[in-house]
Amino acid sequence: MKTLLRNIATCLLLCGAVAAQAQWEGSMTPINLDRTPEAVPDSLTGVGVVRVARHGARFLTSDKTVEELRGLLTEAQGAGRLSADGASFLRLLNDVASTTAGRWGQLTPLGYQEESALAEQFAHEHPELLTSGRIVARSTAVLRAHQSMQAFVSRLAALAPSLAIDEGTEPQYDPLLRFFDTDAQFLAFLKDGTWSGIYEEFVKKEIPTGPAKRLFTKTSGLSKEQERATTMKMYAVLSSLQAAGITADVSQYLKSGELSRCHDAANLRHWLQRTSTRYSAVPATAAAPLLERVIDDADNMGAEGSDTRSYLYFAHAETLLPLLSLMQIPGINRQFAEPKDLIDEWDDTNFIPLGAYLDVELYRGPSGHVYASLVLNGERIYPAPGAGKVMSWPQLKGAWQSAASGPAAGKPF
């Protein structure tokens, strides 16, 4: 595992020219693999783990943004209006297109390395679960999620050959993991919710037009709104470079403060669209069926005589963030009087980096009682306000059932 982690560290170092691990990349930041959760009391015996994870590092999901920018800059080049920065950015776009060709939205080499390393960490942290029994693994139908699952379980199978790993009958995908595509109320919220006006006003006030203007010699020929949209598209490309293993001097195109502003906008959008806020609890309540599945899985593992050691789900940021919100993980449902107050107080990087995961760990005490503990992205966290980091599973289960079905579902605290 040390060799693998060194390889990943080397990759991140080489990508350091992109930006020195600053958090401006937001949800495109690769997960920190150096974190190790603190141990639970020795008196507890491991029962099982339910993991809900985001896929590992990926390429841009489609060529749309790249091609839109390439078209804009190619036209300017033909008209003699492309600046030196614009010509350099066009070369970068060509590099991105060439590197990613045929692999849009798929796992990158770093993504495969992440999942293998995460499997090694899982085996190291839960050796008592890997000597016998079975593990159930499922993903969404999206290729990067399925690739993440395969990379993780193949490494786990090599480390624990006595385990029976159930990946289902091909093609066996779990549509419940994409509730954001099927929940009618959530879809209506994403289309016409109050979040959009708040987000658009923030973009209008905060997103700089300078990066877009610097691509051209004189005037960009774009409206202010189009310049801001172009800046955000540039940010989308630049934030994807580290995950793709492409080096570039990002500061040539967006200065530090401009990168931060773009991340602030992306961060705000995640908060508004995917968590329970004072504007709407719909994003969190949409995750209720998945939370009920997690509860059922935990109960199944905790039952006497169960041979299932883990349920592993590989999905997306859009899956994990509403689930964390519905679970009322401390810090996730922070509320702010104004969108600008979100800055420096709520960071999507902490919740949904590439390779993000939540582990619901079950333990049995000497008395036979079952306890639960949560690990988020390598850190043991408090499962509920006022609770210790290990708490009675029936109590946590009751709180989650109340959150999923009660009148205060998804209520911020």
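Residues numbered from 1 in each chain as written. Predicted model: local features only at pLDDT ≥ 70, side-chain atom pairs only at ≥ 80, totals over all residues. Heavy atoms only, no water.

**Side note on the nonpolar core**
One broad rule of soluble globular proteins: the nonpolar side chains tend to lie buried together. Residues Phe89, Leu92, Leu238, Leu358, Trp393 and Trp400 are the most contacted members of the largest nonpolar core, which totals 95 residues. The element that contributes the greatest number of residues to this core is helix α13 (residues 288–302), accounting for seven residues. The next biggest cluster of nonpolar side chains, apart from the first, holds 23 residues, and it includes Ala117, Ala123, Ala137 and Tyr357. (Core = buried A, V, L, I, M, F, W, Y, C linked by side-chain atoms within 4.5 Å. Buried < 20%, exposed > 50% of the residue type's maximum accessible area, 1.4 Å probe, protein only. Helix = DSSP H or I, 4+ residues; strand = E, 2+ residues; numbered from the N terminus.)

**Some points on the environment of Thr74**
Within the secondary structure layout, Thr74 lies in helix α2 (residues 64–78). Sequence separation between Thr74 and Leu268 is 194 residues, and the spatial gap between their C-alpha atoms is 32 Å.

**Observations regarding the pattern of salt bridges**
One pass over the full model with this rule turns up 19 salt bridges. Across the pair Asp174 and Arg293 runs a salt bridge, and its minimum N-O distance is 2.5 Å. On the criterion of sequence distance, the pair formed by Asp174 in the loop between β3 (164–166) and α6 (184–192) and Arg293 in helix α13 is long-range, its members being 119 residues apart. Given a relative accessible area of 8%, Asp174 falls into the buried group. Of the residues examined, Arg293 reaches a relative accessible area of 25% and is grouped as partly exposed. We note a salt bridge from Arg178 to Asp181, for which the minimum N-O separation is 2.6 Å. Relative accessible area serves as the criterion here: at 22%, Arg178 is assigned to the partly exposed category. (Salt bridge = Lys/Arg side-chain N within 4 Å of Asp/Glu carboxyl O.)

**Let's talk about the side chain of Ser280**
Within the secondary structure, Ser280 sits in the loop between α11 (256–274) and α12 (282–285). Every residue in contact with Ser280, bar those within four places of it in the chain, is listed here: Phe189 and Thr275. (Contact = heavy atoms within 4.5 Å.)

**So, the packing of α2 against helix α9 (residues 224–239)**
It is the contact of α2 with α9, at a shortest axis distance of 10 Å, that shows an interaxial angle of 125°. With respect to α9, the axis of α2 lies oblique. Like other packed secondary-structure pairs, α2 and α9 cross with a definite hand, here left-handed. Residues Thr65, Val66, Glu68, Leu69 and Leu72 of α2 touch α9, and the partners they reach there are Thr230, Lys233, Met234 and Val237. When the residues that make up the contact of α2 with α9 are grouped by side-chain class, the tally is five nonpolar, two polar and two charged. (Axes fitted to C-alpha atoms, helices over the stretch in contact; angles between N-to-C directions. Parallel < 35°, antiparallel > 145°, perpendicular 65-115°, else oblique. Left-handed = near helix turned anticlockwise from the far one by under 90°. Nonpolar A, V, L, I, M, F, W, Y, C, P; charged D, E, K, R; others polar.)

**A few points about α2**
Helix length check: α2, at 15 residues, gives a terminal C-alpha distance of 21 Å against a target of 21 Å (1.5 Å per residue), a fit within 8%. Each element contacted by the buried residues of α2 is listed here: α3 (84–100) and α9. Residue Gly80 follows α2 closely and has a positive phi angle near 70°. (Expected span 1.5 Å × (residues − 1).)

**Description of the packing of aromatic side chains**
The final tally for this structure, using the stated rule, is 11 aromatic pairs. On the numbers, 5.9 Å between centres and 80° between planes, the contact of Phe179 with Phe180 is edge-to-face. The pair Phe179 / Phe180 is uniform in exposure class, with both members buried. Plain terms: the ring middles of Trp346 and Phe351 are 5.4 Å apart, the flat faces sit at 35° to each other, and that makes the pair tilted. Side by side, Trp346 and Phe351 carry an identical accessibility label, which is buried. Note that Arg51 overlies the ring of Tyr357, its terminal NZ or CZ placed 3.8 Å from the centroid. Residue placement shows Arg274 over the ring face of Phe180; its charged tip is 5.9 Å from the ring centre. (Phe/Tyr/Trp six-rings, centres within 6.5 Å; stacked < 30°, edge-to-face > 60°. Lys NZ or Arg CZ within 6 Å of the ring centre and 35° of its normal.)

**Focus on the pairing of strand β5 (residues 357–364)**
Looking along a regular strand, one sees the side chains alternate between the two faces of the sheet. Taking burial as the measure, the eight residues of β5 include seven buried ones, the bulk of the element. Relative to strand β6 (residues 370–376), β5 runs antiparallel, the two sharing seven bridges. Looking across to β6, one finds that Leu358 is bridged to Leu376. Hairpin connection, β5 to β6: the antiparallel pair is bridged by five residues, and Gly368 has positive phi, about 95°. (Pairing = 2+ DSSP bridges.)

**Observations regarding empty space enclosed by the protein**
Enumeration over the complete set of coordinates arrives at one cavity of 30 Å³ or more. A volume near 30 Å³ is recorded for the largest cavity. Contributing to the lining of the largest cavity are Ile31, Asn32, Leu33, Arg35, Leu118, Gln121, Tyr357, Asn377 and Gly378. (1 Å grid on protein atoms, 1.4 Å probe; cavity = no way out; pocket = protein on both sides within 12 Å on 5 of 7 lines; lining within 4 Å. Points joined across faces, edges and corners; volume = space filled by probe spheres on them.)

**Observations regarding the confidence of the model for the protein**
Confidence in the prediction for the protein averages 91 pLDDT; 92% of positions are at 70 or higher. Here residues 1–22 is a poorly scored stretch, pLDDT under 50, and it has 37 contacts once near neighbours within four places are set aside; other chains count. Across residues 407–413 the pLDDT falls below 50, and counting only partners more than four positions away or on other chains, this stretch makes 26 contacts in the model. (pLDDT = per-residue confidence, 0-100.)

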